[in-house]
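So you can see what is in the structure, the chains are spelled out below.
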Amino acid sequence: MAAPSLLNWRRVSSFTGPVPRARHGHRAVAIRELMIIFGGGNEGIADELHVYNTVTNQWFLPAVRGDIPPGCAAHGFVCDGTRILVFGGMVEYGRYSNELYELQASRWLWKKVKPHPPSSGLPPCPRLGHSFSLYGNKCYLFGGLANESEDSNNNVPRYLNDFYELELQHGSGVVGWSIPVTKGIVPSPRESHTAVIYCKKDSGSPKMYVFGGMCGARLDDLWQLDLETMSWSKPETKGTVPLPRSLHTASVIGNKMYIFGGWVPHKGENIETSPHDCEWRCTSSFSYLNLDTAEWTTLVSDSQEDKKNSRPRPRAGHCAVAIGTRLYFWSGRDGYKKALNSQVCCKDLWYLDTEKPPAPSQVQLIKATTNSFHVKWDEVPTVEGYLLQLNTDLPYQAASSDSTATPNMQGVRMDPHRQGSNSTIPNSISDTMNSTKTEYTAMKGTSVKNRPDLKASTDSNATLHSSLATNASNHNSCVVDVLRKNEGPHTSATIGVLSSCLDLRTVIPETSVSSSVSSAQTMLMKHVHCLHLRSAV
């Protein structure tokens, strides 16, 4: 994970399709590159299913059919392959649900399922704000908030700390509920907490981690349940524990549990807090717990200001989805604006890469002539672009009186997030889409035009611009930076600056990077032995 100062949040500003209205209390899961969102509310509870394709930056509303569930908020939402399960939640003010629905996302087919009740005891009561976590062929239900009153207009809240296990059938359907017998001290009743399940690589014992929540006051306690022994414990942690909170998100990537946002107590200078804190606010703090070492690390503190709007603003009731090592955050409620603006829900979509992308594969030379070359490499998921660097290895003494001049490196950069349509474009990049590799063809002296197939997969406001960089060392390089957003795994392009950007003086090439030059005017691409490729985020 990058150091806190190196966090690179990015807001998705260019997308197509019907964008869902802002909300809070919704839930989201990921199926491959798709982020699937259901429920939530903002001036009414939403009942539609929205899907965002993180590769094409496209929102769409699938044509669902079958036993379509009613809209709900603060519900359970888990994904098992291409099957999604929805349990409970608030279906209208004061009225909660304990119904279970299954969505087969491969056909967008909803089905209401009826699990067998436990052999001893009652099935889960209607509730909201519970946790619903999947591991293997079982879902684990913990806590939530129930309404003791039969009158939905007379809400009598009851916090829960009951624990259920739901066994699933393979592919579709469920077996039934059971009430496991647990050992140790059970966590206190709560709602709007989070629960994740993690299993160490060198240990076969999966564990469920419950953090925070609400029970009259916000909580900051961490609980662990060993799913093999069914033993509850309260692990000792190191580092700075995040502030007490509810309506936050918890996401596991690798061995880290990332906690973002939520409601936290407001501890102002003139405000006294009580066990039942009545003053609270949203936060944009961001921390993670190393689940192997039980150590907390603060990435964005609660007091850290963001005057440049470079990261998500404070929010609660949002959703978070991990796709690979990238975390996506969408919408949620912003408590700061309520007194000033009737729209209290955030409309923005952000993502954060929690790890550096892996190194690309070795560049392969496909074809070369005296003034062009064609190369390819394997795609690296989630990267924004690639830096293709060529170095010459033929010593050449330039006819220049200034032997200390700095070598020039010129390239072409396409930035899909840059707005505007009046930018100048120095050379041609034409693209074609295929299926398995990323390919580029570089040619000399061509004009610039974008082909229609490029427009179909990138932002229509994308611009090309030339870039000029200097190298303080004696390395003489030509860097081609083609920054793309979600063009698909197979791309070819023509770039007309590669030959002219080389300063043909004495060169000390980088390790594993070499090429050959026949004269001061012409670079023989057929003599390129190896190219150096780096992924960029």
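Throughout this document, residue positions are counted from 1 along each chain, in the order its sequence is written. Reporting of local features is limited, given that this is a predicted model, to residues whose pLDDT is at least 70; pairs of side-chain atoms are given and counted only at 80 or more, and all residues count toward the totals for whole chains, interfaces and linings. To obtain the side-chain values, all non-hydrogen atoms of the structure were included, while hydrogens and water were left out.

- As named in an unreviewed UniProt entry, the protein is Host cell factor 2 isoform X3, taken from Mustela putorius furo.

## Observations concerning the overall build of the protein
Inference 1: Labels follow the DSSP assignment, with helices taken as runs of H or I lasting at least four residues and strands as runs of E lasting at least two, numbered in each case from the N terminus. What the protein contains, in helices and strands, is 1 helix and 37 strands.
Inference 2: Evaluated residue by residue, the protein yields a buried proportion of 51% over its 537 residues.
Inference 3: Summed over all atoms, the accessible surface of the protein reaches about 24,800 Å², with 49% contributed by carbon and sulfur. For each residue, the accessible area found with a 1.4 Å probe, counting protein chains only, is set against the maximum for its type, and the residue is called buried under 20%, exposed over 50%, and partly exposed in between. Areas reported as accessible are Shrake-Rupley estimates using a 1.4 Å probe. Residue values count occlusion only from the protein chains shown.

## Things to note about the pattern of salt bridges
Inference 1: Should a side-chain nitrogen of Lys or Arg be within 4 Å of a carboxyl oxygen of Asp or Glu, the pair is scored as a salt bridge. Counting across every chain of the model gives 16 salt bridges.
Inference 2: The residue Arg281 makes a salt bridge to Asp302 at a minimum N-O spacing of 2.4 Å. One end of the pair, Arg281, is in strand β22 (residues 280–282); the other, Asp302, is in the loop between β24 (295–300) and β25 (319–323), with 21 residues separating them in the sequence.
Inference 3: For the salt bridge of Glu305 with Lys307, the shortest nitrogen-to-oxygen distance reads 4.0 Å.
Inference 4: Note on Lys307: relative accessible area 75%, which makes it exposed.
Inference 5: Each member of the salt-bridge network shares a partner with another, and the members are Arg21, Arg23 and Glu48.

## Points about the environment of Tyr258
Inference 1: By the element assignment, Tyr258 lies in strand β20 (residues 256–260).
Inference 2: The spacing of Tyr258 and Phe286 is 28 residues in sequence and 7.2 Å in space, taken between C-alpha atoms.

## Examining the pairing of strand β12 (residues 138–147)
Inference 1: Counting buried positions over the 10 residues of β12 gives 9, a clear majority of the element.
Inference 2: Pairing of strand β11 (residues 131–135) with β12 involves 5 bridges; the strand directions are antiparallel. Bridged to Leu134 within β12 is Cys139.
Inference 3: The turn joining β11 and β12, which pair antiparallel and follow one another in sequence, is formed by 2 residues; a positive phi near 65° is taken by Gly136.
Inference 4: Inspection of the sheet shows β12 paired to strand β13 (residues 157–168) by 9 bridges, in the antiparallel sense. The residue bridging Asn147 from the neighbouring strand is Pro157, located in β13. Note on pairing: two strands pair once DSSP finds at least 2 bridges between them.

## Some remarks on the sheet that holds strand β6 (residues 65–66)
Strand pairs in the sheet, formed through backbone hydrogen bonds, run parallel or antiparallel to each other.
Inference 1: With mixed pairing, the 5 strands of this open sheet are ordered in space as β6-β10-β9-β8-β7. Both outer strands of the open sheet, β6 and β7 (76–80), are each paired with one neighbouring strand and no more.
Inference 2: Relative to strand β8 (residues 83–92), β7 runs antiparallel, the two sharing 5 bridges. Bridging from a neighbouring strand, Cys79 pairs with Ile84 of β8.

## With respect to the state of the cysteines
Inference 1: Here, the term disulfide refers to a pair of cysteine sulfur atoms separated by no more than 2.5 Å. Tallied over the full model, the rule gives 0 disulfides.
Inference 2: No disulfide involves Cys345; its sulfur sits 7.2 Å from the nearest other cysteine sulfur, which is in Cys346.
Inference 3: A relative accessible area of 2% places Cys345 in the buried class.

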